[in-house]
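Each chain is listed here by its residues.
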Amino acid sequence: MSVTTHTVPARGLNALGDLSEHIVTVLQKNGADISQLGVPPQPEPQDGLWEDVAVPQARARLNMWRNSMEDAAQNEYLAFRFSHLDAEQKPKTLQRWLNSLVEAKKQGARPETLNMIIPGPIGSGKSAALSALGNEAAERGLWTLYVKHATYLTWRRPDSAPHNMKAWEVRKRFVECDLLTLDELCGEMDVTATEFARRETIDLIDARISAGRPTAYTTNLRSRRQPGSQAMGVVDILGERLLSRLEASAHVAKIVGPDRRKPAKPLDW
């Protein structure tokens, strides 16, 4: 009768090369010489990233950005970069602002210009410019998220957020990200605004300002109600105090021009 034997695995610790990236990072921060411990070399930061942003972390942040765009059904905008924008969409202004945000993040400092306000008429290309900004920011290692204002308000209601998120998780995510791109600020509120919408909007914006986290906004509304018009301005919805705080550290990049989505030839219905 033959006897089959099996090699018993050696008892002891796993090879250091099998350790998680988190443990490797902890060892490095505590002065361990990783090359002497048999751990394979870790990937270097990619172009545009700074030293404190590891490649795996940057990839995770990029995926979070893409997921936020997909949740908003804005997949077609993922291809946009500053090079795709025309002069009216202020690509140079957005590029300079992004550079200042990355530099502030490197230094752990509060950005000098905290908010970018991108107003303009419907169809002028605001969302494309905002998406290009988000795409570029995510590729440079900033934790960037996209959401439409009306969508955020919907998700803040019980059992309304995607991915089984709780309402408090929605707020936490959009308050704590490095850069929030908030599309269509006060959209559909130019005539009336509910107390819930007003309260949630003020809470989100005020929390980000207080924490020194930058936000880019697009809006079809004027800052204030115009004489002879029934349409509300942003100040009528958010209040003078909050708008004053927002404007105190903001740059306005107004986009003008015809409706880019309007057909070249009017349709006959």
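Up top you'll find the structure we're talking about.
Note that the structure is predicted; figures quoted are calculated from it, not measured.

Chemist: For this particular structure, what's the right way to read the sheet that holds strand β1 (residues 115-119)?
Modeler: In a beta sheet, neighbouring strands are held together by backbone hydrogen bonds and run either parallel or antiparallel to one another. On the basis of which strands lie adjacent, the open sheet formed by five strands has the order β2-β3-β4-β1-β5 and parallel pairing. Pairing within the sheet leaves two strands with one partner each, and these edge strands are β2 (144-148) and β5 (250-252). When the angles between neighbouring strand axes are averaged without regard to direction, this sheet yields 15°. With five bridges joining them, β2 and strand β3 (residues 179-183) adopt parallel strand pairing. Of the residues in β3, the one forming a bridge with L145 is L180. Seen against the sheet, helix α2 (residues 55-71) touches β2 and β3 and runs at an angle of roughly 10° to β2. Its contacts with the sheet place helix α4 (residues 126-139) against β1, β2, β3 and β4 (215-219), and it is angled at close to 165° to β3.

Chemist: I would appreciate a short explanation of the packing of aromatic side chains in the present structure.
Modeler: Two aromatic rings, taken as a pair, are described by how far apart their centres are and by the angle between their planes. All chains considered together, the criterion is met by four aromatic pairs. Judged by centre distance (6.4 Å) and plane angle (85°), the ring pair of W65 and Y146 falls under edge-to-face. One end of the pair, W65, is in helix α2; the other, Y146, is in strand β2, and 81 residues separate them in sequence. A relative accessible area of 1% means that W65 is categorised as buried. Classification of Y146 by relative accessible area gives buried; the value is 1%. The residue whose ring lies beneath R157 is F196, and the NZ or CZ to ring-centre distance is 3.9 Å.

Chemist: So what exactly am I meant to see when it comes to the side chain of T181 here?
Modeler: Along the chain, T181 turns up in strand β3. Since its relative accessible area comes to 0%, T181 is described here as buried.

Chemist: I'm lost on unusual backbone geometry in this one. Help?
Modeler: Trans is the common state for peptide bonds, and a negative phi is the common state for residues other than glycine. Backbone geometry at A73 places phi at a positive 60°, although glycine is not the residue there. You can see A73 is positioned in the loop between α2 and α3 (91-107). We classify A73 as exposed; its relative accessible area is 52%. At D159, a residue that is not glycine, the phi angle is positive and equals roughly 60°. Along the chain, D159 falls in the loop between α5 (149-155) and α6 (167-176).

Chemist: Before we go on, may I ask you to explain the environment of G134 in this structure?
Modeler: Relative to the helices and strands, G134 is located in helix α4. For G134, a relative accessible area of 0% corresponds to the buried category. Dropping the residues within four chain positions of it, G134 is found in contact with W65, T144 and T181.

What counts, and at which threshold
- Residues numbered from 1 in each chain as written.
- Predicted model: local features only at pLDDT ≥ 70, side-chain atom pairs only at ≥ 80, totals over all residues.
- Heavy atoms only, no water.
- Pairing = 2+ DSSP bridges.
- Helix = DSSP H or I, 4+ residues; strand = E, 2+ residues; numbered from the N terminus.
- Axes fitted to C-alpha atoms, helices over the stretch in contact; angles between N-to-C directions.
- Contact = heavy atoms within 4.5 Å.
- Phe/Tyr/Trp six-rings, centres within 6.5 Å; stacked < 30°, edge-to-face > 60°.
- Buried < 20%, exposed > 50% of the residue type's maximum accessible area, 1.4 Å probe, protein only.
- Lys NZ or Arg CZ within 6 Å of the ring centre and 35° of its normal.

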